[in-house]
Amino acid sequence: MDYNFREIEQKWQQWWRDNQVYKVDIDPSRPKFYVLDMFPYPSGAGLHVGHPLGYIGSDIYARYKRLHGFNVLHPMGYDAYGLPAEQYAIQTGQHPEVTTVKNITRYREQLDKIGFCYDWSREVRTCDPQYYKWTQWAFLQMYKSYYNTAIEKACPIEELIAHFEQYGTDGCNAYSGSSATFTADEWNAMSKVEKENTLMDYRIAYRGKTMVNWCPQLGTVLANDEVSEGVSVRGGYPVEQKVMNQWCLRVSAYAPRLLRDLDTIEWTESIKETQRNWIGYSEGAEMNFEVAGTGKNLLIFTTRADTIFGVTFMVLAPESEYVDEVVTAEQRQAVDNYLDEVKHKTERERMIEKKVSGVFTGSYAINPVTGKEIPIYVSDYVLAGYGTGAIMAVPAHYSRDYAFARHFDLPIIPLVEGADVTEESFDAKEGIMMNSSNDLLQLNGLTVKEAIEKTKRFIAETGLGRVKVNYRLRDAIFSRQRYWGEPFPIYYDQDGQPQPLDESELPLLLPEVDAFLPTETGEPPLARAKNWVASNGRPLELCTMPGFAGSSAYYLRYMDPHNDQALVSHEADGYWRQVDLYVGGTEHATGHLIYSRFWNKFLYDYGYVCESEPFRKLVNQGMIQGRSNFVYRIKDTNKFVSYNLKDQYEVTPIHVDVNIVSNDALDIDKFREWRPEYKNAEFILENGKYICGWAIEKMSKSMFNVVNPDSIVEWYGADTLRLYEMFLGPLEASKPWDTNGIDGVHNFIKKFWNLIFKGDRLALTDRPATPDELKSLHKLIKKVTGDIENFSFNTSVAAFMICRNELQALKCDAREVYEQFIVLLAPFAPHLCEELWHALGHSGTVCDAQWPEWNEDYLKESTTKYTVMIKGRPRYDIFVPAGTEAAEVEKAALTHEGAAKWLEGATPKKVIVVPNKLVNIVL
RNA sequence: GCGCCUGUGGCGAAAUUGGUAGACGCGCUAGACUUAGGAUCUAGUAACUCCGGUUGUGUAGGUUCGAGUCCUAUCAGGCGCACCA
C-alpha cells in the first residue's frame, strides 16, 4: 500500500466533520487553553501560501495542548466588513454582502483542505447582525460612560452628572477632552443642549469636533493607524487634515493602563516597544506664561523645564484656541493669511516641504522666571493635538526651535557649558547648566538632569504650573462615511442632538441602499436608505463604524457565539477567560492590538470580562514573500536562453509563472501553452534543461509568483504542506516561499510510511523496543516537547527526520516505538497520523491520545565520550563510565596512549574538564 | 534623528548555561538497484592544502584555557516612531 495522501486526507477530514472531533464545550473538570488566530479579511484573491503559516503554527500548538489533556478552544471566523468589498460594490453595483459571502466560501474551502482543528460551530462574521449587535451594544456602553481617573476605570455617566449637580467640576476626577471648569450653579443653569454638549467632553464614546485624517478619494475619515506617510494604507490615496464632527473613542484615557499593562503580558519586545512608541509617554511640566498687557495666560507643556532661561519666543499651533485671543489688530490679516495657507496643505505636503513657516501674532508673553517679554508666533510645527498646542521655544537646545529662530532671526541663548550653538542646537540632555540663575531660581552648575528635577519642583511649589505626563496616543476616530460597516445605534433628536437607541432595539440592521456612493450633496451612502429612522421617527446616524470595531472583541464572542442575552456569559468568560496564545502578523501592532486592549479594559471595568488583558501571549508569524522566476528572451526574437548561458546574448528577463517551473527548471511544454505568443518559442538549453533565473519579490499576481495552498495540497498533500511551511524556518522570520525543497519533507512522510507498511500489511511486531530504539524515541520526545513549547517548529521537523533515519538504521519494527512517534507527529501531520493510528488498531481519534513523556534513564549513556583537546584542537577521544569524577577523567585523559603522542613529553600547564563534553589540556 | 531586530556553506537553516560550528533538508557529485518512478537505497559535499595541517559565523578589537554565543567600536540590511516640545 502506497502513501495515498489524497485518499487519506479526504477520508479523515470527512470523518472529523462527521464525528465533530473539534467541537468543544465548557468542561470545568479539565484545564482550558485558548488558541486564537487573527481572523482574516476575506479578500477576493483567496489565500496564498503565506496566509496559513501562522494558522499552521497555532494549529500545531492547539493539537499539542489537546494531547496534553487541555480543553482547547480554537475557533475561526471572518473580519467581513472592509473597504475592498465596498470599493468593488461601487464599481460593479454588486452588494458587498454578495462578494463577501462568496469570498468567505472560497476561504473556507481552502482552509478545510489544510486540516485545521477549528471548531467551526463557533464561527463568527463581523457583518452578521447577531454578531454586530454586540459591537453596537459595546458602543452604547461606552457612550453611557466616563473615565474616572482617581480609580482608573470607566463609570456610568449618571455618576458624573450627579457630581456636576452638586459640585460642578470641583473635585471631579473625570478624564476630559476639555479644560473648561464650571460650578454646580452654572451646571444647573445650563440648558439641556448645553448639558449634553458638556457631557460629550467626558463620554468614552463621544461625538466631537476633531482634527481628522480625511481621504477625499475614499470619501471617508481614517484612523491614525490607517494612514502612513500621508497616504491611506488601503489604496494609497492622499490624506488631508480637516476639522470635522466625528464619533470618537476616548482611548487616550486608557493610555496609562495600556502602557503599564504591557509589562504583564508575554508579547515580543519589539511589538511592546512599538506600542510604547505609539502611546508615547513623556513626563514634563505645564507652565503658565502671562500675555503682556492682557492678564490672560498661555498654558504650555515642556519636558525641558530646565531651559526656562533660554526661552526667547513662544509658538502656538495654528488650530490653537489661543491664537484668536492673542493676535493683535495689526497682525490679524497676516495671521489669517497664514492660517488659510496651512489649512489647505495636506499632511503629506507639510511633510515633504519641511520648510520653516510661521507668523508673528503681535503679542508678547512674559517669562515667569526672568520677567522678560518674548514674542508669540504661530507655526505649524507645533501640533494642536499634543500637549496644550502651545510651546515655550528654546532655540539653543531644541532643533525645531533653532531652525525657526534662525529663519526669523530670533535670539539664541546657550544654557549648557561648552555647547556650541553657532551651527546647530544642542539637544542632548547632558552637561552643566549656565546662564540659568537669578533671584527666583538657581540652576547654574547643576547637571541637566538635576536642573530638570529642580525646576519641576520650583514650578509646582510656586504655582507657576504643575508636573504633567503627556501621551502621544490620540482618541480613535470611530465614524466612517461608508456603507459596509456597523450602523451606529444613535438617532438625532429635535435639537439635532445625538441620542442612544434603547438596547432592546439592537441590532440596528444595516439598511439596503440603491447605490454605495455618497449622495450628490456629499452625505454618506446611508442617506440613500429609505426610511432610515428610529422607531420614534427620528433620523438615524448616517456614518458607520470603522473596521476595527468588529475585530476589537471577537475573541470574546467565540467563547459564547450564540448567546443572544450577552456578548459573552459570565460562565463562558469565567471559564475561557482570555486568549492564551494569539498568533498573527505585526501589521496590527498599533491598530487592532491597541483597540482590542482598550475595548477589553473597558468591558473589564464593568465586570463584563474577568481579565484586564485580552491576549496573554502573542506570537507574530513572519511574512512569506514570493520567489519569482524569469526566462530570458533574446532581443527581437522568440528564442529563450537558459540562465547560465544568458550572458552570451542580449536578453530581456521576463517573469514566468512559478507554477510551471520546478526546481528552477522550466516545463517547456507548459510554457508554450501558457501564452499564445510563446506557442512557437524556441529554447537554448543547458544539460538538456531550461534553467530559470529567480528573485525575491512581494507575492503578487503581476509577478506570477503566487503559490496557492490548494495546488500544493493537490501535488503533495496537506500534511506535506504543513510540515514544509514549518520546516522553512522560524515561525517569526519573514522568508520567501520556495517550493524547491518540499520534496525533502514529502520524502520523509513517504519513508516513514514505508517503515510501518511493507506492501499491504503492517510491518510491525509486538517485541519490546531495544535500548537503542528507546533512546532514539525518547530523544525525540524530549526535543519535540521542548521545541513546541518554544514555537521552534522547524527544529522539531528536523528532529522527526533524524529519529526516522535512526529507526530505519536500527531496522526498528517495534510497534510501541511507532505508536508514540505517531502521537508526537500528529499535531504536524494530522491526516497521516490519524490513518496510522487507526491502522495500528485504535478506534478513537489520535487527537485524544496521550502525549508521551520522556524518560531520562533511556537517554543516559553507559559510557561518556570526552574529546581531548590539546593546543586547542580535538586530538583523541576517551571513554569513561558515566558519572566519572573530573579528577578521574583527567587521569584517564593523561594516561591514554594519545597523550604520549600529542604531548611529546611536555608538561600540561592546566587541564580543564568540561563535564560530559571535553578535556582541554593547555601546554 | 530616536528606538527595536537581524548578519553563519551554493540555498533554507541548526547550535541548552561560552565547550568538536554548519544538525536537518534542498541542491550538487559518485555509485547500486529496478516493475523506468513525481522512484528507492549507499557514500560524499565550508574553503584552502605541500595531506602534516591551516583558515573559517559582516568588519576591527577585547575578556577567556576556550567566543557564532559575553563586552567595546564599526559596517550592512530590515522594522517601528518621527515637526510629539
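Above this text sits the structure in question.
Throughout what follows, the structure given in this document is the object of discussion. (Residues numbered from 1 in each chain as written. Chains lettered and ligands numbered in written order. Predicted model: local features only at pLDDT ≥ 70, side-chain atom pairs only at ≥ 80, totals over all residues. Heavy atoms only, no water.)

## Examining the pattern of salt bridges
And step 1. Under the counting rule described, the total for this entry stands at 46 salt bridges.
And step 2. Taking the shortest distance from any N to any O, the salt bridge between Glu 86 and Arg 482 comes out at 3.5 Å. Here Glu 86, found in helix H3 (residues 83-92), pairs with Arg 482, found in the loop between strand S17 (476-477) and strand S18 (490-492); they are 396 residues apart in sequence, far enough to count as distant.
And step 3. Notably, a salt bridge pairs Arg 597 with Glu 613, separated by 2.8 Å at the nearest N-O pair. Taken together, the residues span a long stretch of sequence, with Arg 597 in helix H19 (residues 592-605) and Glu 613 in the loop between H19 and strand S21 (618-620) at a distance of 16 residues. In this structure, Arg 597 and Glu 613 share a single accessibility class: buried. (Salt bridge = Lys/Arg side-chain N within 4 Å of Asp/Glu carboxyl O. Helix = DSSP H or I, 4+ residues; strand = E, 2+ residues; numbered from the N terminus. Buried < 20%, exposed > 50% of the residue type's maximum accessible area, 1.4 Å probe, protein only.)

## Structural notes on the nonpolar core
And step 1. Membership of the largest hydrophobic core comes to 169 residues, with the highest contact counts inside it found for Leu 249, Phe 478, Leu 825 and Phe 828.
And step 2. If we ignore the near neighbours within four places in the chain, the residues touching Phe 478 are Phe 139, Trp 247, Cys 248, Leu 249, Phe 488, Thr 544, Met 545, Pro 546, Phe 548, Ala 549 and Trp 599.
And step 3. Counting residues in each nonpolar core, the second largest holds 40 residues, with Leu 316, Val 359, Ile 376 and Met 433 among its members. (Core = buried A, V, L, I, M, F, W, Y, C linked by side-chain atoms within 4.5 Å. Contact = heavy atoms within 4.5 Å.)

## Side note on the pairing of strand S10 (residues 281-291)
And step 1. Pairing of S10 with strand S16 (residues 465-471) involves seven bridges; the strand directions are antiparallel. Residue Ser 282 lies in a different strand from S16, and its bridge partner there is Asn 470.
And step 2. Two successive antiparallel strands, S10 and strand S11 (residues 297-302), enclose a turn made up of five residues, where Gly 293 displays a positive phi of approximately 80°.
And step 3. Where S10 and strand S13 (residues 359-366) come together, two bridges link them in antiparallel fashion. (Pairing = 2+ DSSP bridges.)

## What about the protein's contact with RNA strand B?
And step 1. Tyr 381, Tyr 398, Trp 715, Leu 728 and Asn 920 are the nearest of the 49 residues found near RNA strand B.
And step 2. Put simply, 53% of the atoms of RNA strand B that lie within 4 Å of the protein are in sugar or phosphate.
And step 3. Separating a phosphate oxygen of RNA strand B from a side-chain N or O atom of Arg 472 is a distance of 2.7 Å.
And step 4. Those elements giving two or more residues to the surface near RNA strand B turn out to be helix H10 (269-279), S11, helix H23 (742-756), helix H25 (793-809), strand S32 (863-870), strand S34 (910-914) and strand S35 (918-922).
And step 5. Grouping the constituent residues of the surface near RNA strand B by class yields 20 nonpolar, 16 polar and 13 charged. (Near = heavy atom within 4 Å. Polar contact = N/O pair within 3.5 Å; in protein donor to acceptor, adjacent residues only side chain to side chain. Nonpolar A, V, L, I, M, F, W, Y, C, P; charged D, E, K, R; others polar.)

## Structural notes on the pairing of strand S4 (residues 153-156)
And step 1. With four bridges connecting them, strand S3 (residues 145-148) and S4 associate as antiparallel partners. Across the sheet, residue Tyr 146 finds its bridge partner in S4, namely Cys 155.
And step 2. The antiparallel hairpin formed by S3 and S4 contains four residues in its connecting segment, where Glu 152 sits at a positive phi of about 50°.

## Observations concerning the sheet that holds strand S9 (residues 240-249)
And step 1. Spatially, four strands are ordered S6-S5-S9-S17 in an open sheet, and the strand pairing comes out antiparallel. For this open sheet the edge positions go to strand S6 (220-222) and S17, each flanked by a neighbour on one side alone.
And step 2. Bridge analysis of strand S5 (residues 205-215) against S6 gives three bridges, and the strand direction is antiparallel. Bridge pairing in S6 places Asn 213 opposite Leu 222.

## Looking at the environment of Arg 6
And step 1. Mapped onto the secondary structure, Arg 6 falls in helix H1 (residues 5-18).
And step 2. Arg 6 gets classed as partly exposed once you look at its relative accessible area, which sits at 46%.
And step 3. Placed 710 residues apart in sequence, Arg 6 and Tyr 716 show a C-alpha to C-alpha distance of 8.6 Å.

## Some points on the side chain of Thr 302
And step 1. Relative to the helices and strands, Thr 302 resides in strand S11.
And step 2. A relative accessible area of 9% places Thr 302 in the buried class.
And step 3. At 2.9 Å, the side chain of Thr 302 forms a polar contact with the backbone nitrogen of Arg 304.
And step 4. Filtering out sequence-adjacent residues up to four positions away, Thr 302 remains in contact with Gly 284, Ala 285, Met 287 and Met 392.

## Some thoughts on the packing of aromatic side chains
And step 1. According to the stated counting rule, one finds 69 aromatic pairs in the structure shown.
And step 2. Cation over ring: Arg 63 sits above Trp 16, and NZ or CZ is 5.4 Å from the ring centre.
And step 3. In this structure, Arg 597 is placed above the aromatic ring of Trp 267, and the distance from its NZ or CZ to the ring centre is 5.8 Å. (Phe/Tyr/Trp six-rings, centres within 6.5 Å; stacked < 30°, edge-to-face > 60°. Lys NZ or Arg CZ within 6 Å of the ring centre and 35° of its normal.)

## A few points about a negative patch on the surface
And step 1. Side chains of Asp 420, Glu 423, Glu 424 and Asp 427 sit close together on the surface and give a patch of like negative charge.
And step 2. Looking at the secondary structure, you find Asp 420 in the loop between helix H14 (399-408) and helix H15 (448-462). (Patch = residues over 30% accessible without salt bridge, like charges linked within 9 Å, V, L, I, M, F, W, Y side chains within 5 Å. Areas by Shrake-Rupley, 256 points an atom, 1.4 Å probe, with all protein chains shown as cover. Lys, Arg positive; Asp, Glu negative; His and termini not counted. Charge placed at Lys NZ, Arg CZ, Asp CG, Glu CD.)

## Remarks on the packing of H1 against helix H27 (residues 830-839)
A pair of packed helices is captured by two measures, namely the crossing angle of their axes and the spacing between those axes.
And step 1. Put simply, H1 and H27 touch, their axes get as near as 9 Å, and they point 85° apart. As the angle between them shows, H1 and H27 are arranged roughly perpendicular. Where H1 approaches H27, its residues Ile 8, Glu 9, Lys 11, Trp 12, Gln 13, Trp 15 and Trp 16 are matched on the opposing element by Pro 830, His 831, Leu 832, Glu 834, Glu 835 and His 838.
And step 2. Of the residues belonging to the contact of H1 with H27, the class tally is six nonpolar, three polar and four charged. (Axes fitted to C-alpha atoms, helices over the stretch in contact; angles between N-to-C directions. Parallel < 35°, antiparallel > 145°, perpendicular 65-115°, else oblique.)

## Here's the deal with empty space enclosed by the protein
And step 1. Within this structure, the stated rule accounts for three cavities of 30 Å³ or more.
And step 2. By volume, the largest cavity amounts to about 80 Å³.
And step 3. Taken together, Tyr 22, Val 24, Ala 62, Arg 63, Arg 66, Val 72, His 74 and Cys 117 make up the lining of the largest cavity.
And step 4. Partitioned by chemical class, the residues of the lining of the largest cavity number five nonpolar, one polar and two charged.
And step 5. Forming the boundary of the second largest cavity are Tyr 131, Trp 134, Thr 135, Ala 138, Ala 549, Gly 550, Ala 553, Leu 567 and Trp 599.
And step 6. Sorting the residues of the lining of the second largest cavity by element identifies helix H5 (129-143) and helix H16 (547-551) as the ones contributing at least two each.
And step 7. Looking at which element gives the most residues to the lining of the second largest cavity, the answer is H5, with four residues. (1 Å grid on protein atoms, 1.4 Å probe; cavity = no way out; pocket = protein on both sides within 12 Å on 5 of 7 lines; lining within 4 Å. Points joined across faces, edges and corners; volume = space filled by probe spheres on them.)

## Thoughts on the layout of surface pockets
Rolled over the atoms, a probe with the dimensions of a water molecule shows which regions are left empty.
And step 1. For the second largest pocket, the calculated volume is near 530 Å³.
And step 2. Around the second largest pocket, the lining comprises 23 residues; the ones closest to its centre are Val 658, Asn 659, Val 661, Ser 662 and Thr 739.
And step 3. At the level of elements, strand S22 (624-634), strand S25 (661-662) and helix H21 (709-716) are the ones that each hand at least two residues to the lining of the second largest pocket.
And step 4. By residue number, the principal contributor to the lining of the second largest pocket is H21, which donates four residues.
And step 5. A per-class count over the lining of the second largest pocket returns nine nonpolar, eight polar and six charged.

## What to know about H21
And step 1. Looking at H21, one finds that the buried residues are Pro 709, Asp 710, Ile 712, Val 713 and Tyr 716. For H21, the angular spread of the buried residues around the axis is 165°, confining them to a single face.
And step 2. Residues of H21 that are buried in the fold lie against H1, helix H2 (52-67), helix H4 (96-112), helix H22 (718-727) and H23.
And step 3. Count one or two residues on from H21 and you reach Gly 717, which has phi positive near 95°. (Arc of directions from axis to C-beta.)

## Topic: the packing of helix H24 (residues 771-789) against helix H26 (residues 815-825)
And step 1. Two elements in contact, H24 and H26, have axes separated by 11 Å at closest approach and are oriented at 15°. Relative to H26, H24 is oriented roughly parallel. As for the relative orientation of H24 and H26, their crossing is left-handed in sense. Mapping the contact onto sequence places Glu 773, Leu 777, Leu 780 and Ile 781 in H24 and Val 817, Gln 820, Phe 821 and Leu 824 in H26. (Left-handed = near helix turned anticlockwise from the far one by under 90°.)

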